[in-house]
2 protein chains.
Amino acid sequence: MRRVSESAVRRLSLYLRFLEEFEAKGIETVSSEALAARGGTTSAQVRKDLSFFGSFGKRGLGYPVRDLARRLRDILGLKRSYRVVIVGAGKIGSALAQYRGFGQRGFHIAAVYDSDPAKVGLEWDGQVVRDVSHLERDLEREPMDIAIVSTPAGAAQEVTDRLVRAGIKAILNFAPVHLRVPPGVIVRNVNMALELEALSYALRNR
Amino acid sequence: MRRVSESAVRRLSLYLRFLEEFEAKGIETVSSEALAARGGTTSAQVRKDLSFFGSFGKRGLGYPVRDLARRLRDILGLKRSYRVVIVGAGKIGSALAQYRGFGQRGFHIAAVYDSDPAKVGLEWDGQVVRDVSHLERDLEREPMDIAIVSTPAGAAQEVTDRLVRAGIKAILNFAPVHLRVPPGVIVRNVNMALELEALSYALRNR
DNA sequence: GGATGTGAATGTCTTCACAGCT
DNA sequence: AGCTGTGAAGACATTCACATCC
């Protein structure tokens, strides 16, 4: 399989979402044009993105909604479920822990950690906040697939190092720092202050 | 000024953050190499990014930390402050409303709206949740610079249309839908489920 | 007829490599 | 000598346009 770009993968996720909506409406076939309109891109882009992985459509007709959705779930690795650990039970961590959107996609928040004794033991939505000092011990017994780092900036690298040592291969980082990880560990960053600054830049340079 | 890429702007924000750290440590000069190491990029990239806006460094020496930080703040439009309105007081909206990181950068959450009568009137951190039906009326009296849309997917487009009609020019969208806006209005999307799916893809195709 | 699949062309971003200052 | 600033090269991503197939 050819290497496919970051942004192409994001678009695939979007397409999948739209396909699921179409499926719910009972629509059986969809054109690249229709997917594009929904996702703010072009039909050529849609076709190119999909063509990386095979040819799923019928010429003159379009793509079969149900099949394509299934294929995309497969491509994106969404046929299985994932156990997700959140480290950092601050504002963002707690919002994420309680966010419904993840579960629907097979991402199950299986544990939440914090270092603050005032937070440890609190229960959120059936989820007891655990003491981060037990992180390694717990991960050995209950392996996790993905970690979300939502600690303050200062703690993020140390937490990351511990997660990596405990075998975590994928990290979603909300702390506003660049995490150093060994090869083979994937990090994606979400930095909300950065997004606002990009808006600020755009507003200023309209 | 030449058009500069999305990703370059993001990097500028990162550089600014590092420069501020260096400044706090009393470091006066920094090389592109040092900035690159900190931000997970290359020195050539740093120099190229900065060169879009001028030449701020001294050859053989590096960049003056304080001056460059000031210039970046200027370039990014961070010398002023921004009034931010949040629409949607769910999990994410409330986390954002209470998140400290924004204020430090001059983004002040000036109002929070929701349509749920059970949430309207609640006070968070000095912020009373207002009824979204008053959105237009309020925005006329208290203009806002940036809107954060953190409603459920179904409400996002309608809320966006109302915000745009009320004169909002920049939107940070957390709802998992593509927002249609007229030209001149800037939208940036943060989709956390999408990020997890990108990790899922990466894990599967390691 | 109509929409896909895809090489080729175009456009954009990143990396290279070195001349030019300090 | 050291590090910036920057054209040129290279890599990558998007768009075009059309042959291909249902």
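Residues numbered from 1 in each chain as written. Chains lettered and ligands numbered in written order. Predicted model: local features only at pLDDT ≥ 70, side-chain atom pairs only at ≥ 80, totals over all residues. Heavy atoms only, no water.

(A) Region of the structure containing the packing of helix 1 (residues 6–24) of chain A against helix 3 (residues 43–51) of chain A. Residue and element names in this part refer to chain A. Across the interface, helix 1 lies against helix 3 with an axial gap of 10 Å and an inter-helix angle of 105°. Compared by their axis directions, helix 1 and helix 3 come out roughly perpendicular. On helix 3, the residues touching Ala8, Arg11, Leu12 and Tyr15 of helix 1 are Gln45, Val46, Asp49 and Leu50. The residue inventory of the contact of helix 1 with helix 3, partitioned by class, reads 5 nonpolar, 1 polar and 2 charged. (Axes fitted to C-alpha atoms, helices over the stretch in contact; angles between N-to-C directions. Helix = DSSP H or I, 4+ residues; strand = E, 2+ residues; numbered from the N terminus. Parallel < 35°, antiparallel > 145°, perpendicular 65-115°, else oblique. Contact = heavy atoms within 4.5 Å. Nonpolar A, V, L, I, M, F, W, Y, C, P; charged D, E, K, R; others polar.)

(B) Fine view of the protein's contact with DNA strand D. By nearness alone, 23 residues border DNA strand D, and Ser5 and Arg59 of chain A together with Ser32, Arg47 and Tyr63 of chain B come closest of all. Protein-adjacent atoms of DNA strand D, using a 4 Å cutoff, are sugar or phosphate at a proportion of 58%. Glutamine 45 of chain A has a polar side-chain atom sitting 3.5 Å from a sugar or linking oxygen of DNA strand D. Between DNA strand D and glycine 57 of chain B there is a distance of 2.9 Å, counted from a phosphate oxygen to a backbone nitrogen or oxygen. Looking at the surface near DNA strand D, the elements with two or more residues in it are helix 3 of chain A together with helix 3 (43–51) of chain B. Top contributing element to the surface near DNA strand D by residue count: helix 3 of chain A, with 4 residues. Among the residues forming the surface near DNA strand D, the class breakdown is 4 nonpolar, 10 polar and 9 charged. (Near = heavy atom within 4 Å. Polar contact = N/O pair within 3.5 Å; in protein donor to acceptor, adjacent residues only side chain to side chain.)

(C) Spotlight on the sheet that holds strand 7 (residues 146–149) of chain A. Residues and elements named next belong to chain A. With mixed pairing, 7 strands are arranged side by side in an open sheet as 5-6-4-3-7-8-9. Each edge of the sheet is formed by a strand with only one pairing partner; in this case those strands are strand 5 (123–124) and strand 9 (186–189). Of the strand pairs in this sheet, strand 3 (residues 82–87) and strand 7 are connected by 4 bridges, and their pairing is parallel. Directly across from valine 85, in strand 7, lies its bridge partner alanine 147. (Pairing = 2+ DSSP bridges.)

(D) How the structure looks around the relation of the copies chain A and chain B. Laying chain A over chain B is done by rotating through 180° and shifting 0.0 Å along the axis; what remains is an RMSD of 0.1 Å. This pairing of chains is accounted for by a two-fold axis. Relative to the rotation axis, the C-alpha of alanine 95 of chain A is the closest in chain A, positioned 3.0 Å from it. Interface residue correspondence from chain A to chain B reaches 100%, placing this contact among same-surface, isologous pairings. (Least-squares fit on C-alpha atoms with pLDDT ≥ 70 in both.)

(E) Here's a closer look at the pairing of strand 8 (residues 170–173) of chain A. Residues and elements named next belong to chain A. Neither face of strand 8 is exposed, since Ala170 and Leu172 on one face and Ile171 and Asn173 on the opposite face are all buried. Sheet topology places strand 7 next to strand 8; 3 bridges connect them, and they run parallel. Bridge pairing in strand 8 places valine 149 opposite asparagine 173. Taking the sense of rotation as the criterion, the β-α-β connection linking strand 7, helix 8 (residues 153–165) and strand 8 turns out right-handed. Judged from the 4 bridges that link them, strand 8 and strand 9 form a sheet pairing that is parallel. Along strand 9, the bridge assignment pairs alanine 170 with isoleucine 186. (Buried < 20%, exposed > 50% of the residue type's maximum accessible area, 1.4 Å probe, protein only. Right-handed = clockwise from strand over helix to strand, strands pointing away.)

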